[in-house]
Amino acid sequence: MINLIKKNRFLLLRRVSQISLMVLYIAANIWGLNILVGNLSSSKLFDVIPLSDPYAVLQMFAAGALIATDIIIGAVIIILFYMFIGGRAFCSWVCPVNMITDLSNYIRRKFEFNKIQKRQPASRNIRYYVLALSLIISFFMGITAFEFISPVSMIHRGIIFGLGFGWAAILIIFLFDLFVLKNGWCGHICPIGGFYSLIGKFSFIRVHHNHENCTACMKCKEVCPESQVLFMVTKDSIPVVSGECTNCGRCVEVCDDEALNFSIKNLKRKYNEIN
Amino acid sequence: MSNNIPKKDQKMNRREFFLNSARAVGLAALGGLMWSAYVDEVTASTLLLRPPAALKEDDFLKTCIKCGMCVEACPYDTLMLAKPGDNKPLGTPYFVPREIPCYMCPDIPCVPVCPTGALDEKLVTTNNKLDIKKADMGVAVIDDNSCIAFWGIQCDACYRACPILGEAITVEYTKNERTGKHAFLKPVVHADACTGCGLCEKACVTEKAAIFVLPREVALGKAGDYYIKGWDKNDEKRLEKATSKITKTKLSERKAVDSLNDLGGILDD
Ligand code: SF4
Ligand code: SF4
Ligand code: SF4
Ligand code: SF4
């Protein structure tokens, strides 16, 4: 039992984080408990600190909206926060869609779909194209383009304010990830993930691989939703450099040989490497 | 590119590269097109009532971040965020007066909480004080065919429900010629004072409300600048600055009388 918890400690913490954020938002809406008011697009913490989705604000810029100072401050706070802890920590620790796609992925592993469908036919760069496209459309239509189709906001808003047909979005993403493309939505398409990947390039908190301990069991690559970032496994002792790592810590907890761990990026060493 | 790749393969690689790029561009264009069409579709519905102090629809759609803070602030649960399937711009706040109208709170809690300025306090402020009477959510319109007051049945439900009765809505007395001994008590909406809160629509006793709120751009016409109210001193001032423009066509080269008298070969000479 203790072992089971230890083997899933980050997973459990992540679910606690995702769910308690949701509960706080719902509590604000239903009981007027004003700790965290609003939703992932924009919210207010303790009635004073503004937080807002920088990607949505970027679309507002592209659309040519007049942008209030509050929302800029909110976006800057969020950007700085994720720059420090790793951009895609948003994906694995906050975003509600992650629970859906993780479930698809879990079923895939259990039923060994991955063994049947070996090669993934789509590029992981699609998300950056979608990101660019969303800004182009925002610019030409004068509208925050992704916000009108975003299943992420749709589902999150839905849980707080009522779902409507939003369950269809949940189902589509679930089935898409399950049958069409492994890690399809989060790992290939979602421009929010793309956006945070770009921010995550600078993050301080990194997964570090120590190749002397590694026994090449490949459990980490098996569970990692962005396995391309673990290219150094078995080969090199370096930290994960790609911003696409979601800092979910799944690899750390499944590794039986202590070859992977979180580390704070060593600025000095980086400096030495460059020179 | 490295030089030890045979020429033929290099050519293949280049071809593959161009083909792949073209494919990506094509896919992006197709996706973009569908995406724009969809957004165009959902943002086109103009029959939507926004919270008080909302910017003009175009700017509103750019600015609203769909956070629902206004929705949470409203003590009457008036406001809703459009859900998938509502056929309204997804995630944006609106209200349906016949269900829950806006109660025109004097402190307008829904407006100052908006983080983006999509709800603009300036639009509901006079002399630095919040003033809900300046709100412009829409304007009430009466269908005089289904309003029973126009039939001669006594009803003043809408009039009494209006928070600014006497200004936004008045009752007009006219003689009922059919009975000879009764009066019509007809409600009249004054568009300049009406805020579009919808309390009248909620109160209306008919099966489907005979008075209802529409967005101002939808409900009201526009006379244009060509007409001047001669009896209105202010309006007549516009004449002072007026310029005139003469359109010349082929016909106007001649005098009007001449062109009228010109039989243009209709009769035999
Ligand atoms: S990729 Fe998108 S949907 Fe997936 S977890 Fe990140 S933000 Fe959420
Ligand atoms: S490398 Fe590890 S922390 Fe990063 S996404 Fe993969 S499993 Fe998660
Ligand atoms: S003025 Fe009051 S009743 Fe009307 S929408 Fe705002 S909070 Fe709700
Ligand atoms: S508070 Fe402002 S930004 Fe948020 S949903 Fe309401 S109008 Fe939109």
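Keep in mind the model is a prediction, meaning the values are calculated, not measured. (Residues numbered from 1 in each chain as written. Chains lettered and ligands numbered in written order. Predicted model: local features only at pLDDT ≥ 70, side-chain atom pairs only at ≥ 80, totals over all residues. Heavy atoms only, no water.)

Engineer: Could you clarify how one ought to interpret unusual backbone geometry in this entry?
Structural biologist: Excluding glycine, most residues fall at negative phi; most peptide bonds, likewise, are trans. Phi is positive for N247 of chain A, close to 50 degrees, though the residue is something other than glycine. You can see N247 of chain A is positioned in the loop between α13 (219-223) and α14 (250-254). With phi around 55 degrees, M104 of chain B is a residue other than glycine that occupies positive phi space. Residue placement: M104 of chain B occurs in the loop between β2 (93-94) and β3 (125-126). (Helix = DSSP H or I, 4+ residues; strand = E, 2+ residues; numbered from the N terminus.)

Engineer: Honestly, the site of ligand 4 in this entry has me stumped. Any pointers?
Structural biologist: Lining the immediate surroundings of ligand 4 are 13 residues, of which C64, C67, G68, C70 and C114 of chain B lie closest. The residue makeup of the shell around ligand 4, split by class, is ten nonpolar, two polar and one charged. (Near = heavy atom within 4 Å. Nonpolar A, V, L, I, M, F, W, Y, C, P; charged D, E, K, R; others polar.)

Engineer: What is the right way to read the interface of chain A and chain B from this model?
Structural biologist: A common measure of how large an interface is: the accessible area buried when the components associate. Each partner contributes to the interface: chain A provides 43 residues, whereas chain B provides 31 residues. Across the chain A to chain B interface the summed buried area is about 2900 Å²; carbon plus sulfur atoms make up 72%. On the chain A side of the contact with chain B, F148, R157 and F161 of chain A bury the most area, a combined 22% of that side's loss. For the interface between chain A and chain B, the tally reads zero salt bridges. Taken together, the connections running from chain A to chain B amount to one residue pair in polar contact (both at pLDDT 80 or more). Among the elements of the structure, α2 (9-31), β1 (36-39), β2 (42-45), α3 (54-63), α4 (69-85), α8 (126-141) and α9 (151-161) of chain A are those that each provide at least two residues to the side of chain A that touches chain B. A total of five residues in the side of chain A that touches chain B trace back to one element, the largest contributor, which is α8 of chain A. (Contact = heavy atoms within 4.5 Å. Buried area = accessible area lost by both parts, 1.4 Å probe. Salt bridge = Lys/Arg side-chain N within 4 Å of Asp/Glu carboxyl O. Polar contact = N/O pair within 3.5 Å; in protein donor to acceptor, adjacent residues only side chain to side chain.)

Engineer: It is not clear to me how α8 of chain A should be interpreted in this structure. Could you clarify?
Structural biologist: Think of an α-helix as turning once every 3.6 residues; residues three or four places apart then point the same way. All names here are of chain A. Taking 1.5 Å of rise per residue, the 16 residues of α8 would be expected to cover 22 Å, and the 22 Å separating its terminal C-alpha atoms lies within 8% of that figure. Taken together, the buried positions of α8 are occupied by R127, V130, L131, L133, S134, I137 and S138. Looking one or two residues beyond α8, the residue adopting positive phi is G142, at roughly 60 degrees. (Expected span 1.5 Å × (residues − 1). Buried < 20%, exposed > 50% of the residue type's maximum accessible area, 1.4 Å probe, protein only.)

Engineer: I would appreciate a short explanation of the confidence of the model for chain A in the present structure.
Structural biologist: Any segment with low pLDDT has predicted coordinates that should not be analysed in fine detail. The predicted model of chain A averages 79 in pLDDT, with 93% of residues at 70 or higher. Within chain A, helix α5 (residues 89-93) of chain A carries the highest mean pLDDT (87), whereas helix α15 (residues 267-274) of chain A carries the lowest (49). (pLDDT = per-residue confidence, 0-100.)

Engineer: Any chance you could explain the layout of surface pockets here in plain terms?
Structural biologist: By volume, the largest pocket is sized at about 1500 Å³. Taken together, the elements giving at least two residues each to the lining of the largest pocket come down to α8, α9, α10 (166-180) and α11 (184-189) of chain A together with α1 (7-43) of chain B. With twelve residues, the single largest contributor to the lining of the largest pocket is α1 of chain B. Here the residues of the lining of the largest pocket sort into 31 nonpolar, eight polar and four charged. (1 Å grid on protein atoms, 1.4 Å probe; cavity = no way out; pocket = protein on both sides within 12 Å on 5 of 7 lines; lining within 4 Å. Points joined across faces, edges and corners; volume = space filled by probe spheres on them.)

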